[in-house]
Amino acid sequence: MTKAEFSSFTDYYEYPQEKMKKRSAEFYVEMKRRRTVRQFSNRPVPREIIDDCLKTAATAPSGANMQPWSFVVVTDAVLKRQIRKEAEKTEREFYGKSASRQWVENLKPLGTNEHKPFLEVAPYLIVIFAQRYGLLPDGNKKSHYYVNESVGIATGMLIAAVHHAGLVCLTYTPSKMNFLNQVLSRPSNEKPFLLLVVGYPAKDTVVPEIAKKSLKDVAKFF
Ligand SMILES: Cc1cc2nc3c(=O)[nH]c(=O)nc-3n(C[C@H](O)[C@H](O)[C@H](O)COP(=O)(O)O)c2cc1C
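Colleague: Mind showing me how you'd approach helix α2 (residues 47–57) here?
Modeller: Side chains three or four residues apart in an α-helix point the same way, a direct result of the helix having 3.6 residues per turn. Taken as a whole, α2 has its buried residues at I50, C53, L54 and A57. Burial along α2 is one-sided: seen end-on, the buried residues are contained in an arc of 100 degrees. Exposed positions of α2 whose direction lies more than 90 degrees from the buried face are E48 and K55. Against the buried residues of α2 lie β1 (69–74), β2 (124–131), α6 (147–165) and β6 (190–199).

So this is what it looks like as C-alpha cells:
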C-alpha cells in the first residue's frame, strides 16, 4: 500500500480582503467577455500559447487524482480535412433526421447547421478524450473515478485559459464522435468528449444575441 506523504502548502497566500474583492470582480468582467465563436481566422497561433493553456487544463482536480484526460492537438491539414468530412457526415444525419424537432428548434437562435468550415480554417483543433479507465504497463486496467466530472472541469479550465490568453474557441460536439478514435488512432479506453476549436476570430465575426441567467436565477443562499 502506498503511504500518504505531505508537504507544507506554500503555494497558497492570502490576499487582503479588498484585493480579493477586486480580483473576483475583475475575473468576472473578464470571463463575461468570453463568447463561443463559429467563424475563425486561419491566422497562426504560437504553439507555446496552446501548450500553456493545456498545462493549465492539466492542473484540474480529478477523482482520486487520476487525471483521466488526453488532449489531442491537430494542426495537420490532411487530418483536419478528414475530421471535417466525417463531422459533416454525422451532422447531415443529425440535422436531416436524427435530431428531435425541439432540439433543432432550440439550435435556431444560434444559427448552426451541418456545415463546419471552421474545422479546416482554425489553426488548432484540440480533441479532448475521456479515459474511461487507465491502462497499466502490463496491460491491466486501472480504475478511474468521476471521469465525466473530471474531464468537464479540465475542459472548462482549458476554455478559461484560451480566453484569458486572448484567443477564442468553440466547444464543438459532433452528434456522433466515435470517428475521432479512428482518425486520431486513439485506444479503446478513450472516449471522445469534446472538440475545442481554437484560434483568432475571423474579421467581422458575429455572435448570436443570447442572455445569461442572473445570479438570483442560478444560485440560492441559505
Ligand atoms: C457541452 C457543449 C456542447 C456544445 N456543442 C456545440 C456544438 O456542437 N456546436 C456549436 O456550434 N456550439 C456548441 N456549443 C456552444 C454553445 O452553443 C454555446 O456555449 C452557448 O450557445 C452559449 O454561448 P456562449 O458560449 O457564447 O456563452 C456547445 C457548448 C457546450 C458547453
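Colleague: Just checking my understanding: could you explain the site of the ligand for this structure?
Modeller: Taken together, R34, R35, T36, R38, L110, T112, L170, T171, Y172, T173, I210 and K212 form the complete shell of residues around the ligand. T36 has a polar side-chain atom sitting 2.4 Å from an oxygen atom of the ligand. In the model, an oxygen atom of the ligand is placed 2.6 Å from a nitrogen or oxygen of the R38 side chain. When the ligand sits alone it has 630 Å² of accessible area, and the protein chains cover 68% of it. Structurally, the ligand is housed in the largest pocket.

Colleague: Mind showing me how you'd approach the pairing of β6 here?
Modeller: A regular strand places its side chains on the two faces of the sheet in alternate fashion. Of all ten residues in β6, eight are buried, a share of seventy percent or more. Relative to β6, β2 runs antiparallel, the two sharing eight bridges. Within β6, the residue paired with I128 across the bridge is L194.

Colleague: How should I be thinking about the sheet that holds β6 in this particular structure?
Modeller: The four strands lie next to each other as β1-β2-β6-β5, forming an open sheet whose pairing is antiparallel. Of all the strands in the sheet, the pair left with one neighbour each is β1 and β5 (168–172). Taking each pair of neighbouring strands and ignoring which way they run, the sheet shows an average axis angle of 25 degrees. Across the sheet, α2 is in contact with β1, β2 and β6; its angle to β1 comes to roughly 165 degrees. Of the strands in this sheet, β1, β2, β5 and β6 are in contact with helix α3 (residues 77–98), which crosses β1 at around 110 degrees.

Colleague: Please clarify how unusual backbone geometry should be interpreted in this entry.
Modeller: Excluding glycine, a negative phi dihedral is what most residues carry, and trans is how most peptide bonds are arranged. One non-glycine residue, A64, adopts positive backbone phi at about 50 degrees. Mapped onto the secondary structure, A64 falls in the loop between α2 and β1. Look at A64 and you get exposed, because its relative accessible area is 54%. Phi angles above zero are rare outside glycine, and S185 is one such case at about 50 degrees. Within the fold, S185 resides in the loop between α7 (179–183) and β6.

Conventions we followed
Residues numbered from 1 in each chain as written. Predicted model: local features only at pLDDT ≥ 70, side-chain atom pairs only at ≥ 80, totals over all residues. Heavy atoms only, no water. Buried < 20%, exposed > 50% of the residue type's maximum accessible area, 1.4 Å probe, protein only. Helix = DSSP H or I, 4+ residues; strand = E, 2+ residues; numbered from the N terminus. Arc of directions from axis to C-beta. Contact = heavy atoms within 4.5 Å. Near = heavy atom within 4 Å. Polar contact = N/O pair within 3.5 Å; in protein donor to acceptor, adjacent residues only side chain to side chain. Areas by Shrake-Rupley, 256 points an atom, 1.4 Å probe, with all protein chains shown as cover. 1 Å grid on protein atoms, 1.4 Å probe; cavity = no way out; pocket = protein on both sides within 12 Å on 5 of 7 lines; lining within 4 Å. Sits in = over half its atoms within 2 Å of the grid points. Pairing = 2+ DSSP bridges. Axes fitted to C-alpha atoms, helices over the stretch in contact; angles between N-to-C directions.

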